[in-house]
Each structure stands twice: as C-alpha cells, then as structure tokens.
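Chain by chain, the residues:
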Amino acid sequence: MARSRRQRPGAWAPLLLLLLAGPAACAASPADDGAGPGGRGPRGRARGDAGADEAAPRHDSSYGTFAGEFYDLRYLSEEGYPFPTAPPVDPFAKIKVDDCGKTKGCFRYGKPGCNAETCDYFLSYRMIGADVEFELSADTDGWVAVGFSSDKKMGGDDVMACVHDDNGRVRIQHFYNVGQWAKEIQRNPARDEEGVFENNRVTCRFKRPVNVPRDETIVDLHLSWYYLFAWGPAIQGSITRHDIDSPPTSERVVSIYKYEDIFMPSAAYQTFSSPFCLLLIVALTFYLLMGTP
C-alpha cells in the first residue's frame, strides 16, 4: 500500500509537463520562420536567409498587388484618369430638303436650286403632334430668325431667333418686334432646342406648341400668318440689325397644315428673272434695233 502511494505522484508528472509545455507549443505557428527545430521554418529554411525570404511570397504583398491591378483595370482609363470621359453629344442631324413640299413646308431664299446648306436663308416647318417643328439656317455667323406677322411689315410681330453667342453655342430666343426694334421676351415657347454653327452658317431646330395661352407676344400657329425671314450679325450674343435692308417675306399667309416648297431668288438673281425686268429688256432691245423715228 505504501508503494502505491509513492508511485501516484510519478503518474501525474507527464501530464503536468504536457500542461506546462502546452502554451509554449501552441504559441508557435507553423507559418512562423522559427517554428521548426533549430530556428528553421516548416520548409527547413534558416532565419535570415534573404534568398528564401524573397522567393516565398508574403500574403500582404500578394494582396496589395492584386488590389492595385484590380483598381487599375476597373477604375483607370488608358490615359490614367480616375473617371471615364462623358459620352459624345449626338451630332446635329442635317436638314433634309427632299421632304420639302411632301412631309414639311419649306422656304428657300438665294441661288436657284440651293438647299439648307447653300441658301442664303432656309426655313422648314412640319406638324409633330401638338407641336410645330421649325428648322432654320442662314449664311451668317450671328443669328437667323422667323417672324409671324399679321402683315408684311415689321412691328408687333412674334419672332423666334437662333443666336450664335461668343461661347460657340446656338441658343433659341423669343423676341417681340416693337417697331423696328426686337425686344427679347423671357417667356420662351421653344422646346427640344438644338443648334450648331458650322461652315459660317447658323442652323437650328426647335419645336413650339401650336396652341398657346392668349398673349400679345405669342401667336397661335393654328392661324395663318405672314412669315418674315431675317438674319444678321450678333455682338456678344446679342442680335443687331439684319443683313439686308428689306428682308424677304412670304407672298401670302402661311398655314402650318399646308406643305409647300417655295423658292425666292435673292437680289443677285432677281435682275433677269422678274417679268418686269424681262419686259423692260425686250422694250429696250426693240428701241435700239428700230432706232428713233
């Protein structure tokens, strides 16, 4: 019985040693450089072995490389800017003259056979739902306009103008003719405006409601009006006097429900096209051939 009592402490000795060594053994990680015997890691490389340290990739370095490559691929463009550039603006759609007299009405002023890009002045109109779409173009670097008048004279007219400003933009503005002076009106019925200045021409397109609330400065387009055509220079985005002393006008009132293709020769082409001029030439020729009595 005494022997068994002396051997009982020896039976607990291995367990006590294991418990005492446990924290130290658990503290060493297999990934530590000195976790293995003799200061060697799990692959048996010695501490301070520079070649082995460079050859073995570290977790933090690999993650940093991956994050950098992902950022470059996802957020940087080829030029290195952190944000993508804005998409290009849709170009101004060219005015189609083949539709004149068919699906829209047109007025051309200038050289015979001219189109929206070569006429001194061009205007088209067509119905789109409850709106009228207008297209204007003129050989100028300032402004191009159309006026709606109860007569063929300037004064008391509702005017829509496309103005080329100093910043290169073409803005659609609303004016009211007070005598020979155009007064800008803040109430602008234009919508879906677009314009461009190219090849020394101001060209624009906009819509305007057919019916509007009663106002002295805005007419109802469902009624017929004389159209006044004008264009001229601009100074710092403000319109000045039109290019010609007597701008062309429509010969008769215009209905937006009737599509016509009307050509008006400019002054340079009116000399020999006017019936009166032709009659005068014939009379002068006859006089020269017959001589005086």
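Residues numbered from 1 in each chain as written. Predicted model: local features only at pLDDT ≥ 70, side-chain atom pairs only at ≥ 80, totals over all residues. Heavy atoms only, no water.

An unreviewed UniProt entry lists the chain under the name DOMON domain-containing protein FRRS1L isoform X4, from Vicugna pacos.

Let's shift gears to the overall build of the chain. Assigned secondary structure in the chain consists of 4 helices and 13 strands. Out of the 293 residues in the chain, the part that is buried amounts to 31%. Contacts in the chain between residues far apart in sequence, at least 24 positions, make up 53% of those at least 6 positions apart. Here the chain displays about 19,600 Å² of accessible surface, and carbon together with sulfur accounts for 57% of that area. (Helix = DSSP H or I, 4+ residues; strand = E, 2+ residues; numbered from the N terminus. Buried < 20%, exposed > 50% of the residue type's maximum accessible area, 1.4 Å probe, protein only. Contact = heavy atoms within 4.5 Å. Areas by Shrake-Rupley, 256 points an atom, 1.4 Å probe, with all protein chains shown as cover.)

One non-glycine residue, Asn199, adopts positive backbone phi at about 50°. With respect to the helices and strands, the residue Asn199 is situated in the loop between strand S8 (191-198) and strand S9 (201-209). Exposure remark for Asn199: the relative accessible area of 74% places this residue in the exposed category. With a phi angle near 60°, Asn200 is a residue other than glycine that sits in the positive phi range. Owing to a relative accessible area of 42%, Asn200 belongs among the partly exposed residues under this scheme.

Applying the stated criterion across every chain, the model contains 3 disulfides. Two residues share a disulfide in this structure: Cys162 and Cys204, whose sulfurs sit 1.8 Å from each other. Classification of the bridge connecting Cys162 and Cys204 rests on its S-S torsion, roughly 60°, and on that basis the disulfide is right-handed. Remark: Cys204 occurs in strand S9 and Cys162 occurs in strand S5 (residues 158-164); sequence separation between them is 42 residues. In this structure Cys162 comes out as buried when scored by relative accessible area, which is 0%. Judged by its relative accessible area of 0%, Cys204 falls in the buried class. Counting its disulfide-bonded cysteines in sequence order, the chain shows a connectivity of 1-2, 3-4, 5-6. (Disulfide = S-S within 2.5 Å.)

Core analysis: the biggest nonpolar cluster contains 30 residues, and Tyr121 and Tyr227 have the highest contact counts within it. Elements that contribute at least two residues to this core include exactly strand S1 (105-110), strand S2 (121-128), strand S3 (131-138), strand S4 (143-149), S5, strand S6 (170-178), S9 and strand S10 (226-232). Among the elements that make up this core, the one with the highest residue count is S3 (4 residues). Residues within four places of Tyr121 in sequence aside, it is in contact with Phe107, Arg108, Tyr109, Leu136, Ser137, Ala138, Val144, Ala145, Val146, Phe229, Ala230 and Trp231. (Core = buried A, V, L, I, M, F, W, Y, C linked by side-chain atoms within 4.5 Å.)

Here the focus is the sheet that holds strand S13 (residues 261-265). Reading across the sheet, the 6 strands line up as S8-S9-S3-S2-S1-S13 and stay open at both edges, with mixed pairing between neighbours. Two strands lie at the open edges of the sheet, namely S8 and S13, each paired on one side alone. In this sheet, adjacent strand axes meet at a mean angle of 10° when their direction is disregarded. Summarising the sheet, S1 and S2 pair through 5 bridges and their orientation is antiparallel. Within S2, the position partnered with Cys106 by the bridge is Ser124. (Pairing = 2+ DSSP bridges. Axes fitted to C-alpha atoms, helices over the stretch in contact; angles between N-to-C directions.)

With that settled, the discussion passes to the pairing of S5. For S5, a buried count of 7 out of 7 residues is recorded, marking the element as mostly surrounded by other parts of the structure. Side chains of S5 alternate between two faces, with Asp158, Met160, Cys162 and His164 and Val159, Ala161 and Val163 buried alike. Pairing of S4 with S5 involves 6 bridges; the strand directions are antiparallel. From the neighbouring strand, Phe148 faces S5, where its bridge partner is Asp158. Direction of pairing for S5 relative to S6: antiparallel, over a ladder of 7 bridges. When the bridges of S6 are listed, Ala161 appears paired with Gln173. Count of turn residues in the S5/S6 antiparallel hairpin: 5 residues, of which Gly168 carries a positive phi of about 90°.

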